[in-house]
Amino acid sequence: MKEKAMVLFSGGVDSTACLGLAIERYGKENVIPLSIVYGQKHQKEVEAAKKILDAYGLQGMELDLTPVFAYSDCSLLSHSAQQIPEASYASQLEGRQGAPVSTYVPFRNGLFLSCAASMALSVGCTCIYYGAHKDDAAGSAYPDCSEAFLNSMDSAIYEGSGNALRIEAPFIACNKAQVVKEGLRLHVPFELTWSCYEGGKHPCGRCATCLDRQKAFEANGVADPAVVGW
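Residues numbered from 1 in each chain as written. Predicted model: local features only at pLDDT ≥ 70, side-chain atom pairs only at ≥ 80, totals over all residues. Heavy atoms only, no water.

Participant: Mind showing me how you'd approach the layout of surface pockets here?
Facilitator: It is a probe the size of a water molecule, rolled over the atoms, that shows where empty space is left. Estimated volume of the largest pocket: approximately 940 Å³. Taken together, 50 residues make up the lining of the largest pocket; nearest its centre are Ser10, Gly12, Ser15, Glu45 and Arg108. At the level of elements, α1 (13–26), β2 (31–37), α2 (44–56), β3 (61–64), α4 (108–122) and α8 (208–219) are the ones that each hand at least two residues to the lining of the largest pocket. If one sorts the elements of the lining of the largest pocket by residue count, α2 sits on top with 6 residues. (1 Å grid on protein atoms, 1.4 Å probe; cavity = no way out; pocket = protein on both sides within 12 Å on 5 of 7 lines; lining within 4 Å. Points joined across faces, edges and corners; volume = space filled by probe spheres on them. Helix = DSSP H or I, 4+ residues; strand = E, 2+ residues; numbered from the N terminus.)

Participant: What's the story with the pattern of salt bridges in this structure? I'm lost.
Facilitator: Any two side chains of opposite charge can pair, so long as their charged atoms come close to each other. Tallied over the full model, the rule gives 6 salt bridges. Asp154 is the salt-bridge partner of Arg166, the closest N and O atoms lying 2.5 Å from each other. Residue Arg166 is located in strand β5 (residues 166–168), and its partner Asp154 is located in helix α6 (residues 147–160); the two are separated by 12 residues in the primary sequence. Among the charged side chains, a network of salt bridges with common partners joins Glu24, Glu182 and Arg185. (Salt bridge = Lys/Arg side-chain N within 4 Å of Asp/Glu carboxyl O.)

Participant: Looking at this structure, I do not really get the pairing of β2. What am I missing?
Facilitator: The two faces of a sheet get side chains in turn, since along a regular strand they alternate between them. Along β2, 6 of the 7 residues are buried, which leaves the element largely enclosed by surrounding structure. Judged from the 4 bridges that link them, strand β1 (residues 5–8) and β2 form a sheet pairing that is parallel. In the sheet register, Leu8 faces β2, and the bridge partner there is Leu34. For the handedness criterion, the β-α-β arrangement of β1, α1 and β2 is classed as right-handed. For β2 and β3, the ladder comprises 4 bridges, and the chain directions are parallel. Bridging from a neighbouring strand, Leu34 pairs with Met61 of β3. Handedness of the crossover joining β2 and β3 through α2 is recorded here as right-handed. (Buried < 20%, exposed > 50% of the residue type's maximum accessible area, 1.4 Å probe, protein only. Pairing = 2+ DSSP bridges. Right-handed = clockwise from strand over helix to strand, strands pointing away.)

Participant: What is the right way to look at the packing of α1 against α2 in this model?
Facilitator: Helix packing for two helices is described by the angle between their axes and how far apart those axes are. Across the interface, α1 lies against α2 with an axial gap of 12 Å and an inter-helix angle of 25°. Relative to α2, α1 is oriented roughly parallel. Seen along the crossing, α1 lies across α2 with a hand that is right-handed. Mapping the contact onto sequence places Thr16, Leu19, Gly20 and Ile23 in α1 and Ile52, Leu53 and Tyr56 in α2. (Axes fitted to C-alpha atoms, helices over the stretch in contact; angles between N-to-C directions. Parallel < 35°, antiparallel > 145°, perpendicular 65-115°, else oblique. Left-handed = near helix turned anticlockwise from the far one by under 90°. Contact = heavy atoms within 4.5 Å.)

Participant: Is there a simple way to think about the nonpolar core in this case?
Facilitator: It is characteristic of soluble globular proteins that their nonpolar side chains tend to be buried jointly. Core analysis: the largest hydrophobic core is formed by 48 residues, its most contacted members being Met6, Leu8, Leu113, Ile128, Tyr130 and Tyr142. For this core, the elements supplying multiple residues, two or more each, are β1, β2, α3 (89–93), α4, α6 and α8. Considering every element that reaches this core, the biggest residue donor is α4, with 7 residues. What Met6 contacts, discounting residues up to four positions off in sequence, is Ile32, Leu34, Met61, Ala116, Met119, Ala120, Val123, Cys125, Cys127, Ile128 and Tyr129. (Core = buried A, V, L, I, M, F, W, Y, C linked by side-chain atoms within 4.5 Å.)

Written out as structure tokens, the structure reads:
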């Protein structure tokens, strides 16, 4: 029997590149995307994820963890009154004494990976892919994207699954430009992805993830296919 992989899939650049890589390694028939709703302010990610799965001809799994974050004031969440910052992550981290940025959803990746582990074991997967990269971990912006976090979670899941399941984060040592480069090599449908923290008709171009995305495509000498023509 061929091994199967579960991919944490949001519909953004990183998880789409991660999905493409998992398909290349395991074959489309052995890849199970898992999309998780957590109470974010808009549904653009969810809509993008569905379009991408349709493009690949994949049937994904879904999970709603909104109640878990009901007490968080993270600016990404629908019940928060905080405004999403219009600045780079580096700028946001200034003066925070090592605290994560306001768009950090508390221990989100830890919860996502734990839930994915239970689901992955139930459907016969041997690994979980997630698209963390070093730009997101830089300066403690998102501590659940760091190599230290990955190693700890991987060890816990491996032990807790009876040595049956591992975590793969193929971009953990890469910056976002390198993630985009790999996605371009894989011909993933970047034109269908959504990264912006706002839920407008078009990406705002001002939030940290929009700024990072723009720089990553520019570093590869290509226009972002999701924004061409508007």
